Structures are given as C-alpha cells and as structure tokens.
Amino acid sequence: MEVNKTLMAKTAPKITLSPPLWPTAGGPGQRRAVSRTSPAELTVAWRVAFKDQITPPVVGGDGTIYVGGFDKHLYAFSPAGALALKKKFIGPIMSDPAIGATGLIFVAPHHRPPTGLETTLCAIDPTRPKGDEIVWSVTFAGAARPLLPHPDGGVLAVSSGGVLHSVNAAGIERFAARFGESSSVGPTLLSDGTTVVLAEEGRTTRVIGLAPDGGQRFAVTVPSTIAPATALDDGGFWLLSVDGARRRMDADGREVAVLPPLDASAFFQCGLALRPDGGLWVARSQRHAGALIDLDPTGAVRGQVSLGDGAGPALGFIDGAALVAARDGTLTLVTAEREIAWSLPVGDPASEASGATPAPVVPSLDGFVTRVDGASSANSERQPCELVGLAAPR
C-alpha cells in the first residue's frame, strides 16, 4: 500500500460556525439513533423541485440544509425551505456534501481536464460574503465519494482507484493512502482513530484498516460487501454482505462472530443502523420485496416488517423505532416492537421504475428532510428530484 504524506499546517483557520446537526447524508458519522423520540405523525411542510439529480441532504447546527447538484451547484435552504445560497462550482457535485466539526461545508465537484478526471475538494464558509465562500480547496485525481468529517475539523475522502485522502481543517493533505485498484466503499472511522475502507475484488471484498497516519493496521478478505462498516463503541465494527451475512469484527480486524445470510436471493446495500439497546436495523433493498429487519445485539434476527418495496437506510430513534423510505416514495415509521405506526406518501410512485435506492431521512432543526426522485423522461438523461421538508402537525 502506498502512502504519501505532506506537512501538516501548524494552525487551522478560526471558524465560528455551529457544529453540524447531521454531518453526513448517511448519518451522524456511523448511523447512530437520534436523541429524540419518534414522531407520532408527520406531514409535508414544503417542497423544492429540481430539474436534475441532487445529493441527499445534510444539516448544519443552525438548521441550514445543504444539497449538492449534478448541475454544478451547492444549494443551501433555511429550515422552512427558503433558498439561502446557490453557488456554482467547476463540475457536478455527485458526492454527498459533509459538514465538518467546525461547521465548514465540504463539497467535492468532479471535472475532466485534458489530464483526466479530477476532484476539487472545497471547504465552504457560508457566512462569508457572496463570491468569497471558499476557504480552501485541494485537487486530486479521480472521482471522490463519499466524504466523512474527521473529529479534528478535517475531512476524509475516498477517490476512484482506491485512495484514501485525509485533509486537515487548514486544507493540508496529511496523507493519500492507496489501498485498492478498483471501486471502493467507505470510509468509516472507528473509536480508536482507525479508518476502515472496503475495496471490491471480484466476488470478494478487501477490508482495510488504516491508522491515523495512513499506515495499514489490518487487511482481511470477506465475501462481497458494498455497505460501509458500522462502528461500535468498543472499537470494533459490523460488516454486512450483499446477501445479508453479518460479520462482527474487533478493533484489529479479527472476526468475532459470523452469522449466515438473511436472504441469499435478496440484496443488502444500505448498511446497519444501530439501535439504543445495542441491536441493529437493516433494510432489504429488493424491489417489490422490501423489509426492515430487526437484529439483536449479537446480530441474530428478532423479526422483520414487510414494506412492500425496496427500502432505504433506516433512521433510528432513542425509543427504538425507525423511519424508512421505500422506492415508491412512501415513508414508514416502524415501532421498536416491529409494528407499522404510520405511513406517509411523499414521492412520485412512478419514480419506482428508476430502481434507485431511496435516500435517507435526515433530522432537521424542527422536523425531518429527505430527497425523493421523480419520474424521468425516456428522452432525457436528467433525473428530476425534490427536496422535501417534513414536520409534525401543529
């Protein structure tokens, strides 16, 4: 594995923004349950339509909602859905934005100069005057996705070709560690500072643990896995294979437990959501056979709830319930006892034909927000989308 290191900046820029409420589209770093009880009911409070694809949203500490657009723009909206910022970049923003520990917004637009595909990682301070929002930028080869904020205010990014880039809060690249040659999944940050990344190798996946300086801590091979690792408080982590097999790993990458596939004919790609009791929710993404499966702390099945169509990532609550979106645009709240409390249609049922995995539902300042896909035209390559704000009835 190749590791290139650069000098770290002595000081990072002083940023006075609020810490993020929901820093990554996939969850608060590792998809922990949110510290609020599940909503008794939700209604659609507002919608914003887009002619082209947007990323799932992230939410700042002040409630501002950010999405990246395939139309090369970063959008920011108030908690009420009013446009607060629209900034154009050099290329489409196809990777989810992320919000750093200091409140900086990280975006990674792709562009293709004569030398080949590149990503320019940008740190944005939305409080700066218009036109001067970019604090710093770093360019590297390949397309980067996804982004993961580092607790020190920096950010981690995985680029195509299997390279993990670690950039500090001052915009200095600490290292670029090559861990694979093909498509990759991750990163996930463990409690001891180890970064776990996954590299696809045919029908198997290489699981690599990288130390804070970019050096390799461990590398193991497991059956095909396309969902990011789920970190645990003890330094270990869970892996979920595409057939639903679960592997409990310790902090050194050793297998602690292996559980059989949940459904060899199904498809699991959304990862695991941690429950307050130590259990896990896992969504089955199979079209017309979606389900939310309840696992106990050992990874064994406690039961499941059929959702009718492919399910997206689950959002867990402190009371053990989970909110999940289906491909037909329906949100469903499942209680801790695996009962359906309510369902709410928020999207276009025709979008089911796209086969896309639903976007996660994200907590906002006074409700929730999500992205829903619209029905695309057969004559257009564009995928229309909506950003939808959800609130409890008054």
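Before reading on, note that the structure itself is shown above.
These lines cover the structure that appears in this document, whether it is placed above or below. (Residues numbered from 1 in each chain as written. Predicted model: local features only at pLDDT ≥ 70, side-chain atom pairs only at ≥ 80, totals over all residues. Heavy atoms only, no water.)

### Some remarks on the pairing of strand β19 (residues 216-223)
Reasoning step 1: Where strand β18 (residues 204-210) meets β19, seven bridges bridge the pair, whose relative direction is antiparallel. Note on β19: the bridge partner recorded for Arg-206 is Thr-221.
Reasoning step 2: Adjacent in sequence and paired antiparallel, β18 and β19 are bridged by five residues, among which Gly-214 carries a positive phi angle near 95 degrees. (Pairing = 2+ DSSP bridges. Helix = DSSP H or I, 4+ residues; strand = E, 2+ residues; numbered from the N terminus.)

### Concerning the sheet that holds strand β2 (residues 43-50)
Reasoning step 1: An order of β2-β34-β33-β32 is seen for the four strands of this open sheet, with the pairing classed as antiparallel. Here the strands that pair on one side only, and so sit at the sheet edges, are β2 and β32 (362-363).
Reasoning step 2: Here β2 runs beside strand β34 (residues 385-391); their pairing, made up of seven bridges, is antiparallel. If you follow Val-48 over to β34, its bridge partner there is Leu-387.

### Re the packing of aromatic side chains
Reasoning step 1: Tallied over the full model, the rule gives six aromatic pairs.
Reasoning step 2: When the ring of Phe-50 is compared with that of Phe-77, the centres are 6.1 Å apart and the planes differ by 90 degrees; the resulting orientation is edge-to-face. Taken together, the residues span a long stretch of sequence, with Phe-50 in strand β2 and Phe-77 in strand β5 (residues 73-77) at a distance of 27 residues.
Reasoning step 3: Residues Phe-106 and Trp-136 carry aromatic rings whose centres are separated by 5.9 Å and whose planes lie at 45 degrees to one another, so their mutual orientation is tilted. One end of the pair, Phe-106, is in strand β8 (residues 105-107); the other, Trp-136, is in strand β11 (residues 134-141), with 30 residues separating them in the sequence. An identical accessibility class is assigned to Phe-106 and Trp-136; each is buried.
Reasoning step 4: Following the ring pairs from residue to residue traces out a cluster consisting of Phe-50, Tyr-75 and Phe-77.
Reasoning step 5: The ring of Phe-368 carries Arg-36 above its face, with NZ or CZ at 5.2 Å from the centroid. (Phe/Tyr/Trp six-rings, centres within 6.5 Å; stacked < 30°, edge-to-face > 60°. Buried < 20%, exposed > 50% of the residue type's maximum accessible area, 1.4 Å probe, protein only. Lys NZ or Arg CZ within 6 Å of the ring centre and 35° of its normal.)

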